[in-house]
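Chains, contacts and geometry: an overview
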Amino acid sequence: MSVKQGPIECSEAVGQLWDYLDQAVSPQDQEKVERHLSFCRSCCGELEFARELRGFLASQGAGELPEQVRARLERFLADL
Ligand SMILES: [Zn+2]
């Protein structure tokens with residue numbers, strides 16, 4: 001069975017973004033996400049935001065999210 005390695009959709013890329021950052025995706029999926037990010041500006045923005053947010057969460061531990069960040073996160077999740 002041959003698997004066609006076509007470009008993935010934004011929804012798929014964004015859906016895997018967090019796992020991608022956690023390196024919890026397979027090398028194959030990682031490559032697919034990277035390939036998508038290489039040409040999709042919109043998802044690149046999401047990746048940067050996710051990275052920022054993760055860095056923040058890591059530095060704050062279980063602290064409260066600032067209102068601004070939480071609002072953006074909710075919007076981000078709602079768009080998925
Ligand atoms: Zn995209």
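Right, let's walk through the structure included here. Once a new chain begins, its residue numbering starts again from 1 and follows that chain's sequence as written. For a predicted model such as this one, the threshold for reporting local features is a pLDDT of at least 70, and the threshold for listing and counting side-chain atom pairs is 80 or more; totals across whole chains, interfaces and linings nevertheless cover every residue. Side-chain numbers here rest on the full set of heavy atoms in the structure, without hydrogens or water.

Here we look at the coordination of the zinc ion
Counted as donors are the N, O and S atoms within 2.8 Å of the metal, or 3.2 Å for Na, K and Ca, while water is not among the atoms, so some sites may look incomplete. Each protein donor to the zinc ion is listed here as Cys10 (SG), His36 (NE2), Cys40 (SG) and Cys43 (SG); together their distances run 2.0 to 2.3 Å. Considering all 4 donor atoms around the zinc ion, angles at the metal cover 102 to 115° and the coordination shape is tetrahedral. The motif formed by the donor residues of the zinc ion, counted along the single chain, is C-x25-H-x3-C-x2-C. Of this pair, Cys10 sits in helix α1 (residues 10–15) while His36 sits in helix α3 (residues 27–39), placing them 26 residues apart in sequence. Residue class for Cys10 comes out partly exposed when judged on its relative accessible area of 35%. On the basis of relative accessible area, His36 is assigned to the buried category, the value being 3%. Any site counts as irregular unless it has four donors with all angles between 85 and 135 degrees, making it tetrahedral, or four or six donors with opposite ones more than 155 degrees apart and the rest between 65 and 115, making it square planar or octahedral. Strands here are runs of E lasting at least two residues and helices are runs of H or I lasting at least four, both read from the DSSP assignment and numbered beginning at the N terminus. Think of it in three bands: residues with accessible area under 20% of the maximum for their type are buried, residues over 50% are exposed, and the middle band is partly exposed, with areas taken using a 1.4 Å probe on protein chains only.

A look at unusual backbone geometry
Non-glycine residue Gln23 carries a positive phi angle of around 55°. Residue position: Gln23 is located in the loop between α2 (17–21) and α3.

Brief notes about the pattern of salt bridges
What makes a salt bridge here is a side-chain nitrogen of Lys or Arg within 4 Å of a carboxyl oxygen of Asp or Glu, nothing more. All chains considered together, the criterion is met by 3 salt bridges. Between Arg54 and Asp22 there is a salt bridge, with its nearest N and O atoms 2.1 Å apart. Remark: Asp22 occurs in the loop between α2 and α3 and Arg54 occurs in helix α4 (residues 41–60); sequence separation between them is 32 residues. Using a relative accessible area of 30% as the deciding quantity, one classes Arg54 as partly exposed. Judged by its relative accessible area of 45%, Asp22 is partly exposed. The closest approach of N and O atoms between Asp29 and Lys32, which form a salt bridge, is 3.8 Å. With a gap of 3 residues between them, Asp29 and Lys32 both fall in helix α3, about one helical turn apart. The class of Lys32 is partly exposed, set by a relative accessible area of 22%.

Everything listed is a geometric property; what it means functionally is a separate question.
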